[in-house]
Amino acid sequence: MSSIGIASFSRSIRRMVPTVAATLLSGAVLVGCVSAASQDPRNTNWEALGNSPEMQHHADLSTINRDNVGQLDLAWWVPMPNLDGLVGNPLIADGVIYQGGPSAAIFANDIKTGKLLWSYEDTADFSKSSLSGYWGRRMNRGLALSDGKAIITTGDCRLVAVDQKTGEKVWEAQSCDSTQMYGISAAPRVGAGLVFIGNACMDSGTTRGFVDALDVKTGKRRWRFYTVPGDPAEKQDSPLYDMAAKTWGTGWYEKSHGCGSAWDAMTYDPKLNLLYIGVGGPSPFDPSKRAADAGDELFTNSIVAVDATTGEYKWHFKETPHDGWNYDATVGIMIADLPVGGEMRRTVISVPKNGFAYVLDAKTGKFISGSAYTDLNWAKGLDDNGRPILKPEGQYWLRPGEVNIALPALSGSHGWEALAYDPESHLVYIPNMVMPTKVESDPKALVGGLLMDFYYGSSGDPKWKSYGEVVAWDPVANKVKWRAPSGLPINGGLLHTSGGLVFQGMADGRLVAFDALTGKELWSRQTGGAIRGAPSTVMVDGVQYVIVPTGNGTAAATGSYFSKYSTTPQSRTPPRLLAFRIGGKAKYPSLATVEPINRPVAPRQDVAMAGKGKIIFESYGCVDCHGMNADASGGRIPSLIRMPPSDLAYLKSVVQGGALSTNGGGMPQFKDLTDAEAEALFAYLTNEAWDAHEKKGAFRP
Ligand code: HEC
């Protein structure tokens, strides 16, 4: 069980085939098609996150296709000099791959050879940051390219823009304040000459979420859009927030300041000049701990459209009212032109954490259609307005002390991992995480505390099983077309190509190609490291490359948090970048050799004391970095079952004393932790290490 408090919670034939020969093999019709496609700049470059402002993760390339994918192999691989792990979508411009990572790391590698051309890393002191700033420093989901610059966030609320050619810093800007509960882990979004960035509050409920738009040339702020109202004791910023404040109920501000974090998805629409912002949920998660008469708690769990140039509000669509499950809407926002009632309509496709996929009118936000693409335990379906019809069994707060199953998990059925789209078939591809989670309201836990067991689906209950799958959802027919289940639940983002393929990297290190129309697995290779980032593909001098970063997943919150679901012990290897092409001949890098877990130095500790320590570990946010069961997936954050503190004095020096809190380390100082709490933590960590050493415990794959 896991307890989440207010400050917490927050995957042959080896021969050279020249393009011409390959296209001829696939038939004459394809020849003209490929040469035209390969001249399209969208195919020689992958400059935008998701390859287009529409965020479709689609490439109009078919040199690698259903017929020849069997000959796809490794062209080259290189180690990447980053200690934490890379999960950002690789961006590609003029033969150079730009990969972002933690500590605002940017790497520029040559696409033909993998050679590192230059790199940038932020070395500024962040030791005054809150937990959120420290966390953001370790978790980074990539960069943006715009106006000749590569732009990335530092984690502790700053943005840095460097010259795309040289890696020299051009500007630096401050967005949020990381001494408060704010940090940034998202890839910045760009459009309309601006850089858009939100922030994360680590589900603390203590800060007010917002989105900033900065001038791409200078980093100067142009506008700010708050996602939730401010302190009701003061004048609201505008009538919009007077309206929003009324939806939070009586006395809401004493219980929650929001957060409504826009911590990831925002999609810029160049045709309508709108920015679609996905907003996170209210905290605490348990609605009985927020205002009893709350309405929609705007704009949490909503898609909000604002004018991209001015930040002026245009429309919103609420997805999960009375959220009790952390079903954020800040993941998976795509734009697509779809046939609706006989005419083509510009639509926003939203796939939040709650298990539904929605189609909204891009101009008005009006609900067009939507349906569940996975089993749900909280709602029966959507009504005509797209509002969920609740199931009583999902409402755990009405049954304190009883065991309840949350499905999707409180981390969502779909997270920040990239969706993909086929503009011809209109299929939307979703990386689904099926993770039934045991949930109870816990009267003993800290404010907002819940008891949760995210690994419940691996505990042997035949009714509830954890697994991952790719789901092809048809937004026109409003139903699922196919499912391709895979082993572990938390895998990488997706890529669709006109070759009729969907690519996905897996927690266990495989890169897989599925038939885009049927879901049949057509190809896979073991890359030697867990994958979370979405692959990219481009055509360079007649060769189609597929690029993917691999390695331990600490660079994604859930990579570390759910290390047993997002990695295997063997796939926890250091960061690497890999390139695939037809007829690639490079030798594959290897998986990790798994060493047995050492016998802890300290003897087993008191069980009751360890139980208290577990709650502290989870409610103080240790779990956010060091992972459930203190087993982080690697990188700069140590797995504490492999490295338990040898004695209490050492634990105190690190946790209370902040011995490893300055830059090189990045282990936050917890000044307010009492001696009794430190003792309980020591007991918990020691016993977890003993359990792991003796292979005890519910889930030890
Ligand atoms: C923001 C992420 C983060 C959080 C939150 C965090 N840690 Fe750490 N922790 C780290 C990192 C990074 C290191 C490695 C520092 C180094 O090697 O310099 C570390 C190191 C440690 C070590 C030392 C391991 C060793 O033997 O060198 C202990 C013990 C530890 N953490 C315990 C905790 C506890 C207990 C909490 C909660 C009260 C916690 N950590 C919260 C990131 C975090």
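Here the structure is a predicted model, which is why all the values come from computation and not from measurement. (Residues numbered from 1 in each chain as written. Predicted model: local features only at pLDDT ≥ 70, side-chain atom pairs only at ≥ 80, totals over all residues. Heavy atoms only, no water.)

> I tried to follow the side chain of Ser 130 on my own but got confused; where do I start?
When you line up the elements, Ser 130 lands in the loop between strand 7 (116–120) and helix 4 (131–138). Under the relative-accessibility criterion, Ser 130 is labelled buried at 12%. Within the structure, the side chain of Ser 130 is placed 2.6 Å from the backbone oxygen of Gln 180, a separation counted as a polar contact. (Helix = DSSP H or I, 4+ residues; strand = E, 2+ residues; numbered from the N terminus. Buried < 20%, exposed > 50% of the residue type's maximum accessible area, 1.4 Å probe, protein only. Polar contact = N/O pair within 3.5 Å; in protein donor to acceptor, adjacent residues only side chain to side chain.)

> Can you help me understand the site of the ligand in this one?
Neighbouring the ligand are 23 residues; Cys 622, Cys 625, His 626, Tyr 650 and Met 667 lie closest to it. In the model, a nitrogen atom of the ligand is placed 2.8 Å from a nitrogen or oxygen of the His 626 side chain. Take Tyr 650: an N or O atom from its side chain is 3.0 Å from an oxygen atom of the ligand. For the shell around the ligand, the elements supplying multiple residues, two or more each, are helix 4, helix 10 (622–626) and helix 11 (648–655). Tallied by class, the residues present in the shell around the ligand amount to 18 nonpolar, four polar and one charged. (Near = heavy atom within 4 Å. Nonpolar A, V, L, I, M, F, W, Y, C, P; charged D, E, K, R; others polar.)

> Hey, could you run me through the state of the cysteines in this one?
Think of a disulfide as a covalent bridge from one cysteine sulfur atom to another cysteine sulfur atom. Scanning the entire structure with this criterion turns up two disulfides. The residue that forms a disulfide with Cys 157 is Cys 176, at a sulfur-sulfur distance of 2.2 Å. Classification of the bridge connecting Cys 157 and Cys 176 rests on its S-S torsion, roughly -100°, and on that basis the disulfide is left-handed. Of this pair, Cys 157 sits in the loop between strand 9 (149–153) and strand 10 (158–163) while Cys 176 sits in the loop between strand 11 (169–174) and strand 12 (189–191), and the two are 19 residues apart along the sequence. Cys 157 sits in the buried class, given a relative accessible area of 0%. At a sulfur-sulfur separation of 2.1 Å, the disulfide partner of Cys 201 is Cys 259. The S-S bond linking Cys 201 to Cys 259 shows a torsion near 95°; that makes this disulfide right-handed. (Disulfide = S-S within 2.5 Å.)

> How should I be thinking about the coordination of the iron atom of the ligand in this particular structure?
Six octahedral donors around a metal ideally make angles of 90 or 180 degrees; four tetrahedral donors ideally make 109.5 degrees. Protein coordination at the iron atom of the ligand: the donors are His 626 (NE2) and Met 667 (SD), at 2.0 to 2.1 Å from the metal. Every donor counted, the six donor atoms about the iron atom of the ligand form angles of 88 to 179° at the centre, which fits octahedral coordination. A residue pair is termed long-range when its members are at least 10 positions apart, and His 626 in helix 10 and Met 667 in the loop between helix 11 and helix 12 (675–693) qualify at 41 residues. There is no split in this pair, since His 626 and Met 667 are both buried. (Donors = N, O, S within 2.8 Å, 3.2 Å for Na, K, Ca; no water. Tetrahedral: all angles 85-135°; square planar, octahedral: opposite > 155°, others 65-115°.)

> Explanation requested: the packing of helix 9 (residues 607–619) against helix 12 in the structure shown.
The description of two packed helices rests on the angle between their axes and on the distance between the axes. Contact pair helix 9 / helix 12: the axes reach a minimum separation of 7 Å and the direction vectors enclose 100°. For the element pair helix 9 / helix 12, the angle class is roughly perpendicular. Packed against helix 9, whose contacting residues are Val 607, Met 609, Ala 610, Lys 612, Gly 613, Lys 614, Ile 616, Phe 617 and Glu 618, the element helix 12 presents Glu 677, Glu 679, Ala 680, Leu 681, Ala 683, Tyr 684, Leu 685 and Asn 687 at the interface. When the residues that make up the contact of helix 9 with helix 12 are grouped by side-chain class, the tally is ten nonpolar, two polar and five charged. (Axes fitted to C-alpha atoms, helices over the stretch in contact; angles between N-to-C directions. Parallel < 35°, antiparallel > 145°, perpendicular 65-115°, else oblique. Contact = heavy atoms within 4.5 Å.)

> Please clarify how the layout of surface pockets should be interpreted in this entry.
Unoccupied space between atoms shows up once a probe the size of one water molecule is rolled over them. Considering only enclosed or pocket space, the largest pocket measures out at about 680 Å³ in volume. Pro 569, Arg 572, Val 594, Ile 597 and Arg 642 are, among the 26 residues lining the largest pocket, the residues nearest its centre. Here the residues of the lining of the largest pocket sort into twelve nonpolar, seven polar and seven charged. (1 Å grid on protein atoms, 1.4 Å probe; cavity = no way out; pocket = protein on both sides within 12 Å on 5 of 7 lines; lining within 4 Å. Points joined across faces, edges and corners; volume = space filled by probe spheres on them.)

> Explanation requested: the packing of aromatic side chains in the structure shown.
What describes a pair of aromatic rings is the distance from one ring centre to the other and the angle between the planes of the rings. Using the criterion set out here, one finds 32 aromatic pairs in the structure. Ring centres of Phe 454 and Phe 562 lie 4.9 Å apart, and the angle between their planes is 70°; on these two criteria the pair is classed as edge-to-face. Within this pair, whereas Phe 454 is found in the loop between strand 30 (450–453) and strand 31 (467–474), its partner Phe 562 is found in the loop between helix 7 (557–561) and helix 8 (563–566), the two being separated by 108 residues in sequence. For the residue pair Phe 454 and Phe 562, the accessibility class agrees, reading buried in each case. An aromatic cluster is built from Phe 317, Trp 325, Tyr 327, Phe 356, Tyr 358, Phe 367, Trp 378, Tyr 396 and Trp 397, whose rings are joined through pairwise contacts. Cation over ring: Arg 208 sits above Tyr 226, and NZ or CZ is 3.7 Å from the ring centre. Its end group placed over the ring of Trp 77, Arg 576 keeps NZ or CZ at 5.2 Å from the ring centre. (Phe/Tyr/Trp six-rings, centres within 6.5 Å; stacked < 30°, edge-to-face > 60°. Lys NZ or Arg CZ within 6 Å of the ring centre and 35° of its normal.)

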